[in-house]
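Now for the letters of each chain:
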Amino acid sequence: MANLERNKKILLDLVKQPGNHLCADCGAPEPDWASYVLGIFVCLNCCGTHRDLPAVSRVKSIRLDYWEDSLVEFMRERGNSSSNAVYEKCVPAFFYQPQQKDCVDQWIRAKYERREFTGEHPYLQREYDSDILESTLWKKGKVKKSFLKRTFLLSRKEFTLRYFVREDVGTCGFL
Ligand SMILES: [Zn+2]
């Protein structure tokens, strides 16, 4: 039989520790939820997306739910910093990491479901690691509302994403 009060106190102590005191996914302060599969503390907003990914994550409230001793021990062993050392190991310099109250759905799916930033997919890293990446994207036109093909250039050094409106004259805009 788990000692409920004791386990709750351990969790409330754990969530105050550096790393755990901010949501593992968006950095919101004082997360109230935890994924006991991943061993991380997350905010209510991010918790919603974790609930949609039962194959990779399961969540409980650290204040309201029942916690078994073994799960509490697992949370103690893991925590946000060690989890992010794995799941955010290779986040590309240009990748926008959502902040508190942003839409976190695709970020969390990329991180845990598709494991895009663990470094285990060399084909993804190859593009991300180059200093300049040139490719195409489809941008919705302001007037015609149809999607137009654009060349874009990512520059790691300048920390910019430029896209070219017309290939022939090379005018460009910034996203
Ligand atoms: Zn969050």
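The structure this text deals with has already been given above.
Residues numbered from 1 in each chain as written. Predicted model: local features only at pLDDT ≥ 70, side-chain atom pairs only at ≥ 80, totals over all residues. Heavy atoms only, no water.

Chemist: Give me the packing of aromatic side chains: which residues, what numbers.
Modeler: Under the criterion given, the structure shown has five aromatic pairs. Aromatic side chains Tyr36 and Trp67 sit 6.2 Å apart centroid to centroid with 80° between the ring planes, which places their arrangement in the edge-to-face category. Note that Tyr36 is positioned in the loop between strand E1 (33-35) and strand E2 (40-42) and Trp67 in the loop between strand E3 (59-61) and helix H3 (69-77), a separation of 31 residues in sequence. By relative accessible area, which is 2% here, Trp67 ends up buried. Centroid distance Phe95 to Phe117: 4.9 Å. Interplanar angle 70°. Geometry classified as edge-to-face. (Phe/Tyr/Trp six-rings, centres within 6.5 Å; stacked < 30°, edge-to-face > 60°. Helix = DSSP H or I, 4+ residues; strand = E, 2+ residues; numbered from the N terminus. Buried < 20%, exposed > 50% of the residue type's maximum accessible area, 1.4 Å probe, protein only.)

Chemist: Tell me what's going on with H3, and back it up with residues and numbers.
Modeler: Listed in full, the buried residues belonging to H3 are Leu71, Val72 and Met75. All buried residues of H3 project into a common sector of 100° when viewed along the axis, lining one side. Just beyond H3, the residue with positive phi is Gly79, at close to 95°. (Arc of directions from axis to C-beta.)

Chemist: An account of unusual backbone geometry is requested, with residue identities and associated values reported.
Modeler: Notably, Glu30 is not glycine yet its phi reads approximately 50°, a positive angle. The residue Arg115 is not glycine, and still its phi comes out positive at about 45°. Residue position: Arg115 is located in the loop between helix H5 (105-113) and helix H6 (122-129).

Chemist: Describe the pairing of strand E5 (residues 147-155), and please don't skip the residues or the numbers.
Modeler: One ladder, built from nine bridges, connects strand E4 (residues 132-140) with E5; its direction is antiparallel. Bridge pairing in E5 links Ser135 to Phe152. Hairpin connection of E4 to E5: six residues between the antiparallel strands, including Lys145 at a positive phi of 65°. What sits between E5 and strand E6 (residues 160-164) in their antiparallel hairpin is a turn of four residues, with Phe159 showing a positive phi close to 60°. (Pairing = 2+ DSSP bridges.)

Chemist: Describe the pattern of salt bridges, naming the residues involved and giving the relevant values.
Modeler: In total, this model carries ten salt bridges according to the counting rule given. In this structure, Arg76 engages Glu73 in a salt bridge whose closest nitrogen and oxygen atoms are separated by 3.4 Å. Residue Arg76 and its partner Glu73 are located together in helix H3, separated by three residues, close to a single helical turn. Among the charged side chains, a network of salt bridges with common partners joins Asp25, Glu88 and Lys111. (Salt bridge = Lys/Arg side-chain N within 4 Å of Asp/Glu carboxyl O.)

Chemist: Describe in detail the packing of helix H1 (residues 4-14) against H3, supporting the description with residues and values.
Modeler: Following both chains from N to C, one finds H1 and H3 inclined at 15°, their axes separated by 10 Å at the closest point. In terms of their interaxial angle, H1 and H3 are classed as roughly parallel. The two elements H1 and H3 cross, and the hand of that crossing is left-handed. Counted together, Arg6, Asn7, Ile10, Leu11 and Leu14 of H1 and Asp69, Val72, Met75 and Arg76 of H3 form the full contact between these two elements. Taken together, the residues that form the contact of H1 with H3 break down as five nonpolar, one polar and three charged. (Axes fitted to C-alpha atoms, helices over the stretch in contact; angles between N-to-C directions. Parallel < 35°, antiparallel > 145°, perpendicular 65-115°, else oblique. Left-handed = near helix turned anticlockwise from the far one by under 90°. Contact = heavy atoms within 4.5 Å. Nonpolar A, V, L, I, M, F, W, Y, C, P; charged D, E, K, R; others polar.)

Chemist: How would you sum up the pairing of E6? Please name residues and give values.
Modeler: Within a regular strand, side chains alternate between the sheet's two faces. Summarising the sheet, E5 and E6 pair through five bridges and their orientation is antiparallel. Within E6, the position partnered with Thr151 by the bridge is Phe164.

Chemist: Tell me about the environment of Val15, and please be specific about residues and values.
Modeler: Position of Val15 relative to the elements: it lies in the loop between H1 and E1. Expressed as a C-alpha distance, the spacing of Val15 and Trp33, which sit 18 residues apart in the sequence, is 9.4 Å. Residues within four places of Val15 in sequence aside, it is in contact with Asn20, His21, Pro31, Phe41 and Ile62.

Chemist: An account of the side chain of Asp25 is requested, with residue identities and associated values reported.
Modeler: Along the polypeptide, Asp25 turns up in the loop between H1 and E1. Apart from residues no more than four positions distant in its own chain, Asp25 is found in contact with Ile40, Val42, Cys46, His50, Pro98, Trp107, Ile108, Lys111 and Tyr112.

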